[in-house]
Amino acid sequence: RTGLVAAMLLAIADVPEATICDDYSLTKIFLQRQAINPIEDNKPGAWQRDCERETVAITLEFIAQKFGGVKQYLLEQGVSEKQLQKIRVKLIDPEI
């Protein structure tokens, strides 16, 4: 869930999709380290440790096919163009 939000934010900032997918997959590296509260392989939630590049690529492709892209999806959900622009500016130049 967090990875999807991060992917959408990166899309708003016009980050190339390949970079978004690479960024998403980095989580797997960090989740392989010893966790404070590790989830055993046979317990609920264990599947969430997997952050394959292809997972977010398929998700972004679905959003593109069904809605025309992340920005269009968010517009359809009630986010305004002005809000998207403010988010983009904050992500690109956080001092503004």
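Rules used in this analysis
Residues numbered from 1 in each chain as written. Predicted model: local features only at pLDDT ≥ 70, side-chain atom pairs only at ≥ 80, totals over all residues. Heavy atoms only, no water. Salt bridge = Lys/Arg side-chain N within 4 Å of Asp/Glu carboxyl O. Helix = DSSP H or I, 4+ residues; strand = E, 2+ residues; numbered from the N terminus. Buried < 20%, exposed > 50% of the residue type's maximum accessible area, 1.4 Å probe, protein only. Phe/Tyr/Trp six-rings, centres within 6.5 Å; stacked < 30°, edge-to-face > 60°. Lys NZ or Arg CZ within 6 Å of the ring centre and 35° of its normal.

### What to know about the pattern of salt bridges
Right, so step 1: Counted by the stated rule, this structure contains 2 salt bridges.
Right, so step 2: Ionic pairing is found between Lys 71 and Asp 14, a salt bridge with its closest N-O pair at 2.6 Å. One end of the pair, Lys 71, is in helix α4 (residues 70-76); the other, Asp 14, is in the loop between α1 (2-12) and α2 (17-31), and 57 residues separate them in sequence.
Right, so step 3: A relative accessible area of 42% means that Asp 14 is categorised as partly exposed.

### Considerations on the packing of aromatic side chains
Right, so step 1: According to the stated counting rule, one finds 1 aromatic pair in the structure shown.
Right, so step 2: Ring geometry for Phe 67 versus Tyr 73: centroids 4.8 Å apart, planes at 70°, classification edge-to-face.
Right, so step 3: Exposure remark for Tyr 73: the relative accessible area of 22% places this residue in the partly exposed category.
Right, so step 4: The ring of Phe 67 carries Lys 66 above its face, with NZ or CZ at 6.0 Å from the centroid.

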